[in-house]
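Chains, contacts and geometry: an overview
Below, each chain spelled out in residue letters.
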Amino acid sequence: MIGLVLFGFFKFLGLDQTYGGIIGAFIVGILIGKTIGKGSEKYAFFSIFMYNLIGWILVFLLTSDGKIALQYGGIALSALVGILLIMVFFYSIIGSFAAFATSNLSRNKEGQGL
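Residues numbered from 1 in each chain as written. Predicted model: local features only at pLDDT ≥ 70, side-chain atom pairs only at ≥ 80, totals over all residues. Heavy atoms only, no water.

1. Thoughts on the overall build of the protein chain
This is how it is decided: Here a helix means four or more residues in a row that DSSP labels H or I, a strand means two or more in a row labelled E, and each is numbered from the N terminus. Surface exposure here means Shrake-Rupley accessible area, sampled with a 1.4 Å probe, where a residue is shielded only by the protein chains that are shown. His is not counted, nor are the chain ends, whereas Lys and Arg count as positive and Asp and Glu as negative. The atom standing in for a charge is NZ when the residue is Lys, CZ when it is Arg, CG when it is Asp and CD when it is Glu.
A tally of helices and strands in the protein chain yields five helices and zero strands. Taken along its principal axes, the extent of the C-alpha atoms in the protein chain is 60 × 30 × 15 Å. Of the accessible surface of the protein chain, which amounts to about 7,700 Å², a share of 74% is contributed by carbon and sulfur atoms. Side chains of the protein chain give 7 positive and 4 negative charges; the mean places of these two sets differ by 8 Å.

Spelled out as structure tokens, the structure:
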């Protein structure tokens with residue numbers, strides 16, 4: 001839900017979608033790191049990866065731009081899918097790092113009695 005809200009907010013402001021993806025991955029990673037704690041990196045990675053993968057598949061299937069890209073096929077479609085997969089992995093790594101940092105910081109604070 002956070003990703004959708006940020007995506008809509010950045011679309012409304014006319015900003016690039018990449019910033020929304022990065023900020024959304026960071027926020028989701030922090031929330032998962034706080035909620036789960038130790039070992040939350042893999043859950044953050046897979047949840048962000050699946051969210052973005054499903055989102056891009058729906059964009060391809062439900063928008064006119066996506067349908068045009070699917071109709072042309074060939075090398076252009078392969079390049080577009082490759083770039084999107086790189087972005088999805090990039091977002092997932094950012095979210096995983098945020099979850100790792102958050103879980104470590106919360107464990108350190110618990111250990112110090114703060």
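2. Concerning the side chain of S96
Short version of the rule: N or O atoms closer than or at 3.5 Å make up a polar contact, with two conditions inside protein: a donor-capable atom paired with an acceptor-capable one, and, for residues adjacent in sequence, both atoms drawn from side chains. Contact criterion: two residues are considered in contact whenever any of their non-hydrogen atoms come within 4.5 Å of each other.
Note on placement: S96 falls in helix 5 (residues 74–112). Within the structure, S96 has its side chain in polar contact with the backbone oxygen of E41 (distance 3.4 Å). Excluding residues that lie within four positions of it along the chain, S96 makes contacts with E41, A44 and F45.

3. Quick notes on the environment of F90
The line we're drawing: Whether a residue is buried, partly exposed or exposed follows from its accessible area with a 1.4 Å probe, protein chains only, as a fraction of its type maximum: under 20%, in between, or over 50%, in that order.
Relative to the helices and strands, F90 is located in helix 5. Of the residues examined, F90 reaches a relative accessible area of 42% and is grouped as partly exposed.

4. Details of helix 3 (residues 40–62)
Stated precisely, the cut-off is as follows: In this scheme, a helix's expected span is set at 1.5 Å multiplied by one less than its residue total.
Between its first and last C-alpha, helix 3 extends 33 Å over 23 residues, near the 33 Å set by a 1.5 Å rise per residue. Residues of helix 3 that are buried: S40, A44, F45, I48, F49, N52 and F60.

5. Section: a nonpolar patch on the surface
Heads up, the rule is: Patch building starts from residues that exceed 30% relative accessible area and form no salt bridge, then joins like charges within 9 Å and nonpolar side chains (Val, Leu, Ile, Met, Phe, Trp, Tyr) within 5 Å. Salt-bridge detection follows one rule: a side-chain nitrogen of Lys or Arg within 4 Å of a carboxyl oxygen of Asp or Glu.
A surface patch of nonpolar side chains, amounting to about 810 Å² of accessible area, comprises F9, F12, L13, L15, Y19, I23, I27 and L31. Looking at the nonpolar patch, the elements that each hand over two or more residues are helix 1 (2–13) and helix 2 (17–36). With four residues, the single largest contributor to the nonpolar patch is helix 2. Along the chain, the position of I23 falls in helix 2. Judged by its relative accessible area of 37%, I23 falls in the partly exposed class.

6. As for the side chain of S92
Mapped onto the secondary structure, S92 falls in helix 5. Given the relative accessible area of 0%, S92 is considered buried. What S92 contacts, discounting residues up to four positions off in sequence, is F45, I48 and F49.

7. Details of the packing of aromatic side chains
What counts is decided by this rule: The aromatic pairing rule takes the rings of Phe, Tyr and Trp, using the six-membered ring of Trp, and pairs them if the centres are within 6.5 Å, calling planes under 30 degrees apart stacked, those over 60 edge-to-face and the rest tilted.
This structure, assessed with the given rule, holds five aromatic pairs. Aromatic pair F45 and F46: ring centres 5.6 Å apart, planes at 85°, arrangement edge-to-face. Three or more aromatic residues joined by ring pairs make a cluster, and in this case those are F45, F46, F49 and F89.

8. Section: the environment of L77
Tracing the backbone through its elements, the reader meets L77 in helix 5. Sequence separation between L77 and G66 is eleven residues, and the spatial gap between their C-alpha atoms is 10.0 Å.

9. Some remarks on the environment of G55
When you line up the elements, G55 lands in helix 3. As a C-alpha pair, G55 and F12 span 43 residues in sequence and 18 Å in three-dimensional space.

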